[in-house]
Amino acid sequence: MFSCAYHFSLDFRFLFPALGGLLYGYDIGSTSSATISIQSASFSGISWYNLSSVEVGLITSGSLYGALIGSILAFNIADFLGRRKELILSAVLYLVGALITAVAPNLAILIIGRVLFGTGIGLAMHAAPMYIAETAPSQIRGLLISLKEFFIVLGMVAGYVVGSLLVETVAGWRYMYGVSTPLAVIMGIGMWWLAESPRWLLLRAIQGKGDARDLKDTAINCLCRLRGEAFGDTAPAQVEEILNELAFVGEEKEVTFGEVFQGKCLKALTIGCGLVLFQQITGQPSVLYYAASILQSAGFSAASDATRVSILLGLLKLIMTGVAVLAVDKLGRRPLLLGGVSGIVVSLFLLGSYYIFLNDAPLMAVGALLVYVGCYQLSFGPIGWLMISEIFPLRLRGRGLGVAVLVNFGANALVTFAFSPLEAWLGAGTLFYLFGVIGLVSLLFIFFVVPETKGLTLEEIEAKCL
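Residues numbered from 1 in each chain as written. Predicted model: local features only at pLDDT ≥ 70, side-chain atom pairs only at ≥ 80, totals over all residues. Heavy atoms only, no water.

Concerning the pattern of salt bridges
- Throughout the structure, instances matching the rule amount to 8 salt bridges.
- Between Lys216 and Glu240 there is a salt bridge, with the nearest N and O atoms lying 1.9 Å from each other. Residue Lys216 is located in helix α9 (residues 212-227), and its partner Glu240 is located in helix α10 (residues 235-248); the two are separated by 24 residues in the primary sequence.
- Owing to a relative accessible area of 26%, Lys216 belongs among the partly exposed residues under this scheme. (Salt bridge = Lys/Arg side-chain N within 4 Å of Asp/Glu carboxyl O. Helix = DSSP H or I, 4+ residues; strand = E, 2+ residues; numbered from the N terminus. Buried < 20%, exposed > 50% of the residue type's maximum accessible area, 1.4 Å probe, protein only.)

Right, dumping it as structure tokens:
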């Protein structure tokens, strides 16, 4: 299945959906500097720069609220629009949100722009992994989907760099947000040019949502466009094979809301939502929050500059994500998850020990910090998104992945909001120990629940793993 020779020269086509991840990462990186710029009496370029902590929080988290809205929208519109049109809509929201934010005359308009941009994030994080999973050859599906995580981290680093360059420019925050607009245009044009997912077209064919012959012919054409002209002779046979497998696993039945939480999809939800939940609640925001103080305690002068620390850690994340991208289709998903999360657990207990009774060992804390960041990017970072994109049955994939993305952003919001009160109540050391215990639970979950999907087609995953 999909055993045709695949030329890596065609891989650039998968960069357009991955641009959705780049824009998401850029928003994370640039906002840290934008909030400094917008509150500066000298450099904000506005009269309403004296913002309260709640107002700054709304600017920072506006895109997160939008992402939650986008995830809810995706649940309802994904199977109707299709993967490609959902990504085009995402690019439009990215563009409109960035423009509104960049030219906002007051705080209310600024927050509206942030929420619209975030809605684009929610749709892109839902549709991009699904589109790539359904159009990529199984042999390199992991690599291509993991590229989205690589692009998120690349976007974060770019956001930190652009922010550091513009933070002392008058109205620099407007330029920081405005930089997103050309990337959104490229993403939209690229997705308009790309073919629709053949699997989505065939799903509509067997469910009677259009003329079956026309949809089948369109799927063959799309498959040839995505794989290259050399694939043309075998495309009809591949389409027939996919149709037969979809019929065999019962994909022709209409989806009901309750079915998302039953049978195969319930198992897929358990795997996917479990991974993205643990991805968020094993403490990544907390560890990064303490990065500057840990490095400063070890005598690193760069620690006095939070932006420089962010750039350095971002580069480490980028390198380790690159390693994961190259290794995921060779080593498999489970080895990277088990090895990476084991490193996360060890580093969390070391960080907890540092803050409670090993204060005179700052180099150990620095080592634990670097191990945590590196291991996260080898495991939860890319593999969580990869697994949720390939584990759901086709006819339930749009809604199932929508639930998983909603859990991801919901858990992100929960951890972000709960961090400060938990830190005040428990202290940093105990908090890291708590995250370490959660990490141990996630290891057990991965070992006993998460299957290996390396080298399997999406139809084989449904037949053998669910």
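Details of unusual backbone geometry
- Positive phi is not limited to glycine here, since Ala171 has a value of about 60 degrees.
- Among the structural elements, Ala171 can be located in the loop between α5 (141-166) and α6 (172-178).

Some words on the nonpolar core
- In terms of nonpolar packing, the biggest core is built from 122 residues, with Tyr94, Met125, Leu275, Phe380 and Phe392 touching the most fellow members.
- Ranked by residues supplied to this core, first place goes to helix α4 (residues 107-135) with 10 residues.
- Here Met125 is in contact with Gly20, Gly21, Tyr24, Lys148, Ile152, Trp385, Leu401, Val405 and Phe409, once residues within four sequence places are set aside.
- Residues Tyr26, Ile46, Ile59 and Leu166 belong to the second largest nonpolar core, which totals 17 residues. (Core = buried A, V, L, I, M, F, W, Y, C linked by side-chain atoms within 4.5 Å. Contact = heavy atoms within 4.5 Å.)

Thoughts on the packing of aromatic side chains
- Tallying each qualifying case throughout the model produces 12 aromatic pairs.
- Ring geometry for Tyr24 and Phe409: centres 5.9 Å apart, planes at 70 degrees, overall edge-to-face. Of the two residues, Tyr24 sits in helix α1 (residues 15-38) while Phe409 sits in helix α18 (residues 394-426), which places them 385 residues apart along the sequence.
- Since its relative accessible area comes to 11%, Tyr24 is described here as buried.
- For Phe409, a relative accessible area of 0% corresponds to the buried category.
- Both rings, one in Tyr372 and one in Tyr376, keep their centres 6.3 Å apart while their planes meet at 20 degrees; by these two values the pair is stacked. Here the residue Tyr372 and the residue Tyr376 both occupy positions in helix α16 (residues 362-378), the gap between them amounting to 4 residues, near one helical turn.
- Taken together, Tyr354, Tyr355 and Phe432 form an aromatic cluster joined through their ring pairs.
- Looking at Arg84, its charged tip hangs above the ring of Trp192, at a distance of 5.7 Å from the centre. (Phe/Tyr/Trp six-rings, centres within 6.5 Å; stacked < 30°, edge-to-face > 60°. Lys NZ or Arg CZ within 6 Å of the ring centre and 35° of its normal.)

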